[in-house]
Structures are given as structure tokens and as C-alpha cells.
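Architecture at a glance
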Amino acid sequence: MKILAIETSCDETAAAIVEEKNFRPVVLTSVIASQLAVHAKTGGVVPDLAARLHTEALPRVLQEATKHKRLDYDAVAVTVGPGLIGCLLVGAAAAKTVAAVTGKPFFAINHLEGHIYSAWLPSVRETPAPELPALVVIVSGGHSELVLMERHLYYQHLGSTRDDAAGEAFDKVARLLGLGYPGGPAISELARRGNEQEFGLPVPLEGEETFDFSFSGLKAAVVSLVGKLPKPLAAHTRADLAASFQATVSRIIARNTARAVQSFPEIRSVCLVGGVAANDHLRTNLERTVKQARPACHFIVPPYEYCTDNAAMIGAAALFHHLFGKADNWAGVTVDPNLKLGA
Ligand code: KG4
Ligand code: ZN
């Protein structure tokens with residue numbers, strides 16, 4: 001089974017063809033047309049503009065992903081939420097049209113489910129596939145979730161963010177430090193030259209027995225700290241702020257992950273996914289935490305290119321729908337900007 005997948009939920013226009021081999025998705029093509037350069041000018045995603053850019057980019061992205069019709073596929077999949085409504089509609093209209101005119105099976109995929117199944121995409125290091133039950137840590141621009149997955153396509157919510165998402169906090173602090181959008185890569189670059197011990201920042205919900213996250217208090221602490229420092233901020237101070245902030249985000253995520261691993265002894269793997277999973281400090285810190293909490297537990301992160309939004313992960317999720325679930329009737333599918341996982 002080869003699946004043509006489309007992802008347009010936010011600011012990346014993406015298409016991919018993914019094939020199943022031994023219960024593992026193999027990426028045949030993956031094309032991403034990024035709108036980042038356009039949105040960097042406004043410091044964030046402008047929804048109407050993003051939707052228009054998807055309509056302009058998608059036909060060529062699809063041409064490239066199908067190698068100008070030389071590559072065939074057996075089914076089509078698309079992200080139907082959560083995301084920006086106008087953006088979701090562009091991808092859904094294209095995918096439904098393909099299904100309607102070819103009669104091929106159609107899979108409606110939740111964007112978060114796509115991030116989850118990015119952990120099954122093989123890396124160049126031939127990492128093993130996650131073993132179930134798995135704990136999935138989803139940290140992206142719009143979400144921070146801890147999900148327990150006992151079997152394929154079944155998701156139990158353990159915790160989510162009570163305010164900002166992890167990536168959102170990176171983006172906001174980056175703006176405060178005068179860095180561009182998106183903030184995550186810029187902060188991690190700056191943090192390389194900084195000292196993470198320099199500024200003590202609060203770890204929200206520290207005393208609470210919860211799997212929830214909170215990042216807005218941390219962001220507010222950085223705002224207040226910057227307010228008290230002499231301006232303009234010295235280069236080393238900005239680097240120390242970036243490093244201290246990044247280390248605290250990492251600590252917050254590691255604390256909840258360790259708590260979940262200790263609470264559910266059946267967990268065999270921990271998967272770190274979503275845009276923020278591209279952060280090296282977090283990857284290293286979380287791997288160490290998981291190995292300390294349970295040495296037998298596998299720790300899995302997708303290759304960098306499948307952490308931020310892409311269509312290969314949507315194709316991967318659709319393959320598991322094909323293997324363990326069923327196809328959807330395209331005529332009855334609508335997009336939902338607030339779609340919940342498992343809905
Ligand atoms: O998964 P994603 O592409 O989009 C959503 O589904 O939201 O995640 C985008 C987020 C942005 O907030 C971006 O700043 C963050 O991921 N990000 C990073 C890094 N690369 C991207 N955050 C921290 N470190 C990075 N290296
Ligand atoms: Zn995403």
C-alpha cells in the first residue's frame with residue numbers, strides 16, 4: 001500500500017508518498033514548501049495569507065511528490081484538524097478531489113496523530129520502531145501533550161498544557177530577545193553560547209502531582225527578568241537568558257515524562273515528537289531522564305526533518321489506519337480546527 005499524504009494545517013505546504021514495509025512506513029518522497037520566510041516578516045502566521053499561499057503552492061508540491069505522475073499511489077490521506085480552518089480546507093479539498101476522481105481509499109488524519117506516528121519513521125541510523133505501550137510526548141507550536149498509547153490508534157490523554165504550548169513559549173521568548181520567527185531554532189542556536197545556570201527560572205506546577213504542563217509563568221518570569229536588566233542587553237546576557245530558558249523548558253518536560261514513566265510500569269518506549277523535539281538540549285536531557293527512570297525503556301525521536309510539520313508523518317499515520325483501522329468516506333469528512341485526538 002502506497003499512500004499520497006497532504007498536510008496544510010498551518011504554515012507548511014507538504015505532500016509525501018509513504019509505503020508500508022514490515023509494519024513500518026518508508027518514505028518514498030516528502031516535499032515541503034515552507035511559508036516561514038513570509039511569516040517571519042510579520043513575526044507570526046497570518047491565517048488568511050497562509051491559506052492563500054497553500055492554494056498557490058499545493059499543485060506544484062503534489063507534482064513534485066508524485067514525481068510528475070511517474071510515481072503511483074493506492075490511497076490518499078490528509079490532515080483534517082486541528083489547525084487553521086482556511087489552511088485545512090485547502091488540503092482537504094485537494095485530497096477529496098483526488099479520492100473522488102480516482103475512487104481510491106481516503107484517510108482523514110488528525111495532525112497530532114501524524115506527529116505521534118512520526119516516531120515510526122525510520123532514521124538513517126535505522127532506529128527500532130517504538131514498542132507499545134508507548135508514552136508519547138508531543139511538543140509543538142500549538143500543543144504540549146502526554147499521551148499513553150497501549151495499542152495502535154488508541155490514545156489516552158495523561159496531561160496537556162494549561163496555557164501556552166512549549167513551541168509557543170520558545171516563539172514568545174525569542175521575540176522578547178529580538179530573535180526571528182520561528183523562535184525555537186533561533187533560541188537553541190543562541191543558547192549554545194550561553195550559560196544555563198546563570199538565571200534561575202521557575203518550574204511551574206513544581207509541587208503538584210500532575211501530568212499537565214504550564215509555560216506562561218516561565219515566559220512571564222523571563223519578561224520580568226528582562227525588564228530589570230540594563231538595556232540594551234549584552235550579547236552574553238541574551239545568550240545566558242536563551243540557555244537558562246531552554247534548560248527550564250527541558251526540565252519541565254523531563255519532570256512530567258519521568259513521573260509518567262514511573263506511574264505506568266507497562267511503558268516500553270518513550271517517543272518525543274513535534275517541532276520542539278528538534279531541540280538538541282531537550283533530546284539529550286529527555287533521553288538521560290528516561291534511561292535513569294527505566295533503563296529498559298526505549299527512547300525514540302524522529303529524524304529532525306520529521307519533527308516539524310511534514311506530510312510523511314500524515315502518510316505514516318494513514319498506513320496504521322489502513323493496517324489496524326479503516327478508510328474514511330471522503331464525502332462525509334469535514335475539517336475541524338479544534339479536532340481532538342481519538343475523536
Ligand atoms: O510541529 P510544528 O512544526 O508545528 C505545530 O504543529 O505547531 O512546531 C513548530 C514549533 C515552533 O513553535 C518552533 O519554534 C518550534 O516548533 N521549534 C523548536 C525547534 N525547531 C522548531 N523549538 C525548540 N527548538 C528547536 N530546535
Ligand atoms: Zn505540527
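Residues numbered from 1 in each chain as written. Chains lettered and ligands numbered in written order. Predicted model: local features only at pLDDT ≥ 70, side-chain atom pairs only at ≥ 80, totals over all residues. Heavy atoms only, no water.

Turning to the coordination of the zinc ion (ligand 2), a few remarks are in order. The protein atoms that coordinate the zinc ion (ligand 2) are His111 (NE2), His115 (NE2) and Asp309 (OD), at distances spanning 2.0 to 2.1 Å. Each of the 4 donor atoms around the zinc ion (ligand 2) contributes to a set of angles spanning 96 to 132 degrees, which defines the coordination as tetrahedral. Mapped onto the sequence, the donors of the zinc ion (ligand 2) take the spacing H-x3-H-x193-D. Here the residue His111 occupies a position in helix 4 (residues 111-117), and Asp309 occupies one in the loop between strand 10 (298-300) and helix 10 (312-324), the gap between them amounting to 198 residues. Assessed through its relative accessible area of 7%, His111 is described here as buried. Exposure remark for Asp309: the relative accessible area of 15% places this residue in the buried category. (Donors = N, O, S within 2.8 Å, 3.2 Å for Na, K, Ca; no water. Tetrahedral: all angles 85-135°; square planar, octahedral: opposite > 155°, others 65-115°. Helix = DSSP H or I, 4+ residues; strand = E, 2+ residues; numbered from the N terminus. Buried < 20%, exposed > 50% of the residue type's maximum accessible area, 1.4 Å probe, protein only.)

Glancing now at the domain arrangement of the protein chain. The parts lose accessible area when they come together, and the size of an interface is often stated as this lost area. Domain parsing of the protein chain yields domain 1 (2-120 + 306-332) and domain 2 (134-301). If you average the C-alpha positions of domain 1 and of domain 2, the two centres end up 27 Å apart. Residue-level contacts link 22 residues of domain 1 with 20 residues of domain 2. Approximately 1,700 Å² of surface area, both sides summed, lies buried where domain 1 meets domain 2, with 76% of it carried by carbon and sulfur atoms. Per-residue buried area on domain 1 facing domain 2 is highest for Leu112, Ile116 and Cys307; these three make up 31% of the total on that side. There are 0 salt bridges connecting domain 1 and domain 2. With 5 residues, the single largest contributor to the side of domain 1 that touches domain 2 is helix 4. (Domains from an automatic or database assignment. Contact = heavy atoms within 4.5 Å. Buried area = accessible area lost by both parts, 1.4 Å probe. Salt bridge = Lys/Arg side-chain N within 4 Å of Asp/Glu carboxyl O.)

We now examine helix 6 (residues 183-191). Residues of helix 6 that are buried include every one of Gly183, Gly184, Ile187, Ser188, Leu190 and Ala191, and no others. Down the axis of helix 6, the buried set is contained in an arc of 165 degrees. They therefore lie on one face. On the buried face of helix 6, the contacting elements are helix 5 (166-176) and helix 8 (235-263). (Arc of directions from axis to C-beta.)

Attention now moves to the site of ligand 1. The local shell around ligand 1 holds 20 residues, among which Gly141, Asp171, Gly184, Asn279 and Asp309 are the closest. Here an oxygen atom of ligand 1 and a backbone polar atom of Gly275 are 3.1 Å apart. Residues belonging to the shell around ligand 1 are distributed by class as follows: 6 nonpolar, 12 polar and 2 charged. When residues of the shell around ligand 1 are assigned to domains, at least three map to each of domain 1 (2-120 + 306-332) and domain 2 (134-301). (Near = heavy atom within 4 Å. Polar contact = N/O pair within 3.5 Å; in protein donor to acceptor, adjacent residues only side chain to side chain. Nonpolar A, V, L, I, M, F, W, Y, C, P; charged D, E, K, R; others polar.)

Attention shifts here to the pattern of salt bridges. According to the stated counting rule, one finds 9 salt bridges in the structure shown. Between Asp164 and Lys172 there is a salt bridge, with the nearest N and O atoms lying 3.3 Å from each other. Looking at Lys172, the relative accessible area reads 30%, which means it is partly exposed. As a salt-bridge pair, Lys219 and Asp164 come within 3.6 Å of each other at their nearest N and O atoms. On the criterion of sequence distance, the pair formed by Lys219 in helix 7 (residues 216-228) and Asp164 in the loop between strand 8 (156-160) and helix 5 is long-range, its members being 55 residues apart. What makes Asp164 buried here is its relative accessible area of 9%. Shared partners join several salt bridges into a network, and the residues in it are Asp164, Glu168, Lys172 and Lys219.

Our focus in this paragraph is the sheet that holds strand 10. Either a parallel or an antiparallel arrangement is found when strands of a sheet pair, and the pairing is made through backbone hydrogen bonds. Taking strand neighbours across the sheet as the criterion, the 5 strands line up as 8-7-6-9-10 in an open arrangement whose pairing is mixed. Of all strands in the sheet, those with a lone pairing partner are strand 8 and strand 10, marking the two edges. Looking at each pair of strands side by side, their axes are set apart by 15 degrees on average, direction ignored. Relative to strand 9 (residues 269-273), strand 6 (residues 134-139) is paired through 5 bridges, and the arrangement is parallel. (Pairing = 2+ DSSP bridges. Axes fitted to C-alpha atoms, helices over the stretch in contact; angles between N-to-C directions.)

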